[in-house]
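Residues per chain are reported as follows:
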Amino acid sequence: MNPLTYEKATSSTDALERHDGDAAKFLGAGTNLVDLMREGIATPTRLIDVTGLAQSIEEQSDGGLRIGAGVSNTAVAEDATVRAQYPALSRAILAGASAQIRNMATVGGNILQRTRCSYFYDVAGSRCNKRSPGEGCDAIGGFNRAHGILGVSDSCIATHPSDMAVALSLYDAVINVESDEGTRSIPINDFYVLPEDTPDIENQLNPGELIVSVDLPAPSANRRATYRKVRDRASYAFALVSVAGSLIIKDGLVVDAGISLGGVAPKPWRAIEAEAAIVGSPPTEETFRNAAQIALADATTQPGNVFKTELAQRVIVAVLQDLAGDAQ
Ligand code: SF4
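Quick caveat, the model's predicted, so the values are computed rather than measured.

**Quick look at the packing of aromatic side chains**
Next, step 1: Counted by the stated rule, this structure contains three aromatic pairs.
Next, step 2: Where Y86 meets Y171, the ring centres are 5.3 Å apart and the plane angle is 90 degrees; that geometry is what we call edge-to-face. On the criterion of sequence distance, the pair formed by Y86 in the loop between α4 (80–85) and α5 (87–94) and Y171 in the loop between α9 (164–170) and β6 (174–179) is long-range, its members being 85 residues apart.
Next, step 3: Consider the rings of F120 and Y121, whose centres lie 5.1 Å apart with planes at 90 degrees: the pair is edge-to-face.
Next, step 4: Taking relative accessible area as the criterion, F120 reaches 1% and is therefore assigned buried.

So, in structure tokens, the structure goes:
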């Protein structure tokens, strides 16, 4: 048993003052952190409970939306403005976990949840570079059906498990953080870092920084968006492949396209080149198939997850065709 203290913060300032180094951790709902502690992967000696803080969803003067980091996943998914203006976000959250977990889990915790690679959690029996840098990776050459094919490295092929973050990536959300040194804002598409040879480093957050809110830019007129998740069972399963997609079609041509992939990479994977290939073209199956091939052109597969390349291409095409059909 590891001794630890538990403290309840009364404000973000109070939480930051209580955070005194790497041995301290902010605790949201604990839907991932507590699992990590049970397995001995996370070993904080001081837990600073930030539940109850940052609970609001507020429309901004520029037409955007600010979502507090402590808002539950369910509250975001059910918010009337989110459902109307950011439908892919609502759908993505509802595709994640179970209703019970969504009721507990917070926005900040969802963003920071760690991979569900089974070797990562098998502390006693498996090698894992993310858990123990330099140890090796038993997923490479092991059972890797759920692992990544984009942005992976020779050190780690884990995927990021969040559905919500994929939709936040589509909408170019910005993560606001506070620390003793002030505040800063990080675009979610820059927030996560690829594993390369340091898979233990997963994002740009510095020790002692606290996520306080997420900003969604003002919605674009006539932008249609959705989220589709493919998984091994109908609920309570992580994505094999997911796609958050959006289109704006005007006068028979695509004038704006968005594609963000989940279940295939260590981070929400924006397919920027594929998006660019669609813009200016008619919204046809041929256009979307070409974009899907571009999106997966750099896929690096393992024997167990070769199927993901074709699956991701098919889901991209299906999502974009649905959006194009809705627009006509
Ligand atoms: Fe660890 Fe990454 Fe390998 Fe999984 S894929 S065992 S998380 S190094």
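**Observations concerning the domain arrangement of the protein chain**
By convention, interface size is frequently given as the accessible area that disappears when the constituent parts associate.
Next, step 1: Split into domains, the protein chain comes out as domain 1 (5–51) and domain 2 (224–327).
Next, step 2: Placing the centre of domain 1 and that of domain 2 at their C-alpha centroids yields a distance of 36 Å.

**Let's talk about the site of the ligand**
Next, step 1: Around the ligand lies a shell of 14 residues, among which C117, C128, C137, C156 and I157 are the nearest.
Next, step 2: Of the residues contributing to the shell around the ligand, the split by class is nine nonpolar, three polar and two charged.

**Concerning the UniProt feature "domain: FAD-binding PCMH-type" (unreviewed entry) in the protein chain**
Next, step 1: UniProt records the feature "domain: FAD-binding PCMH-type" (unreviewed entry) for residues 1–221 in the present numbering.
Next, step 2: Note that residues 1–221 is 27% helix and 17% strand, and that its end C-alpha atoms are spaced 55 Å apart.

**Re the sheet that holds strand β9 (residues 224–230)**
Next, step 1: If you trace the four strands from one edge of the open sheet to the other, you get β9-β10-β11-β12, paired in antiparallel fashion. The open sheet has two edge strands with one neighbour each: β9 and β12 (269–270).
Next, step 2: When strand β10 (residues 241–250) meets strand β11 (residues 253–262), the two strands line up antiparallel, connected through nine bridges. Pairing of V243 across the sheet is with L261, part of β11.

About the cut-offs
Residues numbered from 1 in each chain as written. Predicted model: local features only at pLDDT ≥ 70, side-chain atom pairs only at ≥ 80, totals over all residues. Heavy atoms only, no water. Phe/Tyr/Trp six-rings, centres within 6.5 Å; stacked < 30°, edge-to-face > 60°. Helix = DSSP H or I, 4+ residues; strand = E, 2+ residues; numbered from the N terminus. Buried < 20%, exposed > 50% of the residue type's maximum accessible area, 1.4 Å probe, protein only. Domains from an automatic or database assignment. Near = heavy atom within 4 Å. Nonpolar A, V, L, I, M, F, W, Y, C, P; charged D, E, K, R; others polar. UniProt positions renumbered as here; feature names shortened; annotations may be inferred. Pairing = 2+ DSSP bridges.

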